[in-house]
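Per-entry structural report
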Amino acid sequence: MATLLLLTVPTSVGIGFASSVPPLTIFPSSLPSAGGLVSVQIDPSYVGACPLTTTNPGVSLANCSPPKDHFDVWIPPNTQSTALVTTFKFSGSIGGQPTTTSSSVTQAAPTTSLTYVALGDSYSSGEGNLDARNGGWVDLNGRPDKMPTANDGCDRSWLSFPRRTATWMATTPHFPKMQFVFLACSGETTSDIWSGSPATSHGLLGPTLRHLEGVQLDDTPDLSRARIVTLTAGANDVNFAPVGASCPPSAALRTDVVAVHDRDARAQPRSRRCTARTPVAWLRHLLSTVARLEPTLAATYAQIEAEAPNAAFYVMGYPYLVPPSPSPTELRNGCDAIPGSGMSTLARLEVAMDTAVKQAARAVGAHYVDPNGSSPSDFPSHTVCSQKGVWFNGLLSVAAYSYHPNAKGQVRLFEYLRSSIQRYGLALPARSGK
């Protein structure tokens, strides 16, 4: 693990200056080639404009806005062939004395080995499965990481299906040795995956970059060496937010967050309740929006294939949260905290969304992984409406964790992907126009 770099004495200070607070602290001082967040702290007594500059033109200092003295900075992927040093320079006046100092972050050279790159949104990152037994969230290489910068809102989980897939392939002899590059991030749209996404031209949501992390396809060295790429994407483009986001809070319910392991989603704490009067107009709006999703997905998939020309490309479908054909009881009473008034529209919406994923994957020759078969071992038999064996979180005290595959659901997604890889391997699919 990288060590904390504390600069207790400025490079140059005015006569008589003394301070117990380092003018500049950067943590961690080393990063993998894929980049990552670093925490920056400047002397809290500093007053004035941002006193920092950096040698890395790809680094944005937009978050540097004193008097805020602590903020995060995203270091983009290293595209050079050697290690890259990003130096931050502090130049300002502290206590009336001019102060200049610097601190550096060393970024590893891109790997020369083959890679497995996991792209996408919260369904791939494993959102809602905070695993305290393995250090909380994991880093960009899928390793348990207790550093604050690992928990930047991307919520990459040790229990996620990409991390499980990486471990399985690493322990299966006939696969080549590959470094796992875990870029999937909760909340990402296709515009967060690549800057050329046509999402906005189709009336879909554009880039969010709400976690400070850069565009996923900017990690060109790891993608060029990829032998397999996996993806879930599209739900955030149509603003497929959890129903629970519009539910009123309930003060009587617990508001703490617990680690999600293998327990049933119904046992999780809730802080909101939905009623039959909860607004569902947004669902009807999304149903018309999802009809415009397929061309955006097809363009995104084609771009991924171009960036990773030697990779087998597997697109995971979105598992059904509610039954595709809700029963009269479900339409009347709803399920979990989802009101019955929205069940029918939500069912049609999720089917339309997964159909768009499937058709776009087939259009570019990618391997589509279907989690929504008709057997009892498929997701439609384990929705939030199921009486037992639910494979989703319910409405949790942290709204972002709600209605995502739980630990059991992530295991099943891994098993679907494993079965597909066992069938097709790392051979390139038949891609259109090639």
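Check the entry above for the structure.
So, here's what we can say about the structure. Computed from a predicted structure; not experimentally measured.

**Concerning the pattern of salt bridges**
Summed over the entire model, instances satisfying the criterion amount to three salt bridges. A salt bridge links D139 to R143; the nearest nitrogen and oxygen atoms lie 3.2 Å apart. The class for R143 is partly exposed, based on a relative accessible area of 44%. Residues R156 and E213 are paired through a salt bridge, measuring 2.6 Å at the closest nitrogen-oxygen approach. Residue R156 is found in the loop between α1 (122–125) and α2 (161–170), and its partner E213 is found in the loop between α3 (190–193) and α4 (220–224); the two are separated by 57 residues along the sequence. The two residues R156 and E213 agree in class, both being buried.

**Some details on the packing of aromatic side chains**
Inspection of every chain in the model, using the stated rule, returns eleven aromatic pairs. Judged by centre distance (6.3 Å) and plane angle (35 degrees), the rings of F379 and Y416 are tilted. Of this pair, F379 sits in the loop between β14 (367–369) and α9 (407–424) while Y416 sits in helix α9, and the two are 37 residues apart along the sequence. Note on accessibility: F379 and Y416 belong to one class, buried.

**Looking at the environment of C154**
Within the secondary structure, C154 is located in the loop between α1 and α2. C154 gets classed as buried once you look at its relative accessible area, which sits at 0%. Residues C154 and V138 lie 16 residues apart in sequence; the distance between their C-alpha atoms is 9.7 Å. The residues touching C154, leaving out its near neighbours within four places in the chain, are S125, C185, S186, H211 and E213.

**Structural notes on the state of the cysteines**
Across all of its chains, the model carries three disulfides by this definition. Between the sulfur of C50 and that of C64 lies a disulfide, 2.1 Å long from S to S. Looking down the S-S bond of the C50 and C64 bridge, the torsion is 105 degrees, so its handedness is right-handed. With a gap of 14 residues between them, C50 in the loop between β5 (36–42) and β6 (52–54) and C64 in the loop between β6 and β7 (70–75) connect regions that are remote in the sequence. Assessed through its relative accessible area of 7%, C64 is described here as buried. Each sulfur of the disulfide joining C154 and C185 lies 2.0 Å from the other.

**Considering the packing of α2 against α9**
Each packed pair of helices is defined by two parameters, the angle between the axes and the distance between the axes. For the pair α2 and α9, interaxial distance at closest approach is 8 Å and the crossing angle is 45 degrees. Compared by their axis directions, α2 and α9 come out oblique. You can see that α2 and α9 cross each other, and the crossing is right-handed. Contact residues: F161, R164, T165, W168 and M169 in α2; A407, Q410, V411, L413, F414, L417, R418, I421 and Q422 in α9. Across the contact of α2 with α9, the residue classes break down as nine nonpolar, three polar and two charged.

**Regarding helix α8 (residues 343–364)**
Along an α-helix, residues three or four apart share an orientation, since each turn contains 3.6 residues. Between its first and last C-alpha, α8 extends 32 Å over 22 residues, near the 32 Å set by a 1.5 Å rise per residue. Following α8 by one or two positions, G365 has its phi on the positive side, about 80 degrees.

**Digging into the sheet that holds β14**
Pairing in this open sheet of five strands is parallel, and the strands run β11-β10-β12-β13-β14 from one edge to the other. Edge positions in the sheet fall to β11 (178–182) and β14, since each of these pairs with one other strand and no more. When the angles between neighbouring strand axes are averaged without regard to direction, this sheet yields 20 degrees. Bridge analysis of strand β13 (residues 312–316) against β14 gives three bridges, and the strand direction is parallel. Paired with V315 across the two strands is Y368, which belongs to β14. Along the sheet, α9 contacts β10 (114–120), β12 (226–232), β13 and β14; its crossing angle with β13, the most-contacted strand, is approximately 150 degrees.

**Remarks on the environment of P323**
Tracing the backbone shows P323 in the loop between β13 and α7 (328–333). For the pair P323 and C385, spaced 62 residues apart in the sequence, the C-alpha separation amounts to 7.2 Å. Residues in contact with P323, not counting those within four places in the same chain, are E330, M343, A347, E350, T383 and C385.

**What to know about the pairing of strand β9 (residues 97–107)**
In terms of strand pairing, strand β4 (residues 30–31) meets β9 through two bridges, oriented parallel. Residue pairing for β9: L31 is matched across the bridge by Q107. Pairing geometry for strand β8 (residues 84–94) and β9, over eleven bridges, is antiparallel. Looking at β9, one finds that T86 is bridged to V105. Hairpin connection of β8 to β9: two residues between the antiparallel strands, including G95 at a positive phi of 65 degrees.

**Description of unusual backbone geometry**
A cis amide bond links F27 to the next residue, P28, at an omega of 0 degrees. Relative to the helices and strands, P28 resides in the loop between β3 (24–27) and β4. The backbone phi angle of N239 is positive, close to 60 degrees, even though this residue is not glycine. Here N239 shows up in the loop between β12 and α5 (281–289).

**Thoughts on the side chain of T296**
As for its position among the elements, T296 is in helix α6 (residues 293–307). Side-chain polar atoms of T296 contact the side chain of H202, separated by 3.0 Å. In this structure T296 touches T190, S197, P198, A199, H202, L204 and D237, once residues within four positions along its chain are discounted.

**Topic: the packing of α6 against α8**
With their axes 8 Å apart at the nearest point, α6 and α8 run at an angle of 40 degrees to one another. Considering the angle they form, α6 stands oblique to α8. Of the two elements, α6 crosses α8, and the hand of that crossing is right-handed. Judged by residue contacts, L293, E294, L297, A298, Y301, A302 and E305 of α6 engage M353, A356, V357, Q359, A360, A361 and V364 from α8. Classifying every residue of the contact of α6 with α8 gives eleven nonpolar, one polar and two charged.

Calculation rules
Residues numbered from 1 in each chain as written. Predicted model: local features only at pLDDT ≥ 70, side-chain atom pairs only at ≥ 80, totals over all residues. Heavy atoms only, no water. Salt bridge = Lys/Arg side-chain N within 4 Å of Asp/Glu carboxyl O. Buried < 20%, exposed > 50% of the residue type's maximum accessible area, 1.4 Å probe, protein only. Helix = DSSP H or I, 4+ residues; strand = E, 2+ residues; numbered from the N terminus. Phe/Tyr/Trp six-rings, centres within 6.5 Å; stacked < 30°, edge-to-face > 60°. Contact = heavy atoms within 4.5 Å. Disulfide = S-S within 2.5 Å. Axes fitted to C-alpha atoms, helices over the stretch in contact; angles between N-to-C directions. Parallel < 35°, antiparallel > 145°, perpendicular 65-115°, else oblique. Left-handed = near helix turned anticlockwise from the far one by under 90°. Nonpolar A, V, L, I, M, F, W, Y, C, P; charged D, E, K, R; others polar. Expected span 1.5 Å × (residues − 1). Pairing = 2+ DSSP bridges. Polar contact = N/O pair within 3.5 Å; in protein donor to acceptor, adjacent residues only side chain to side chain.

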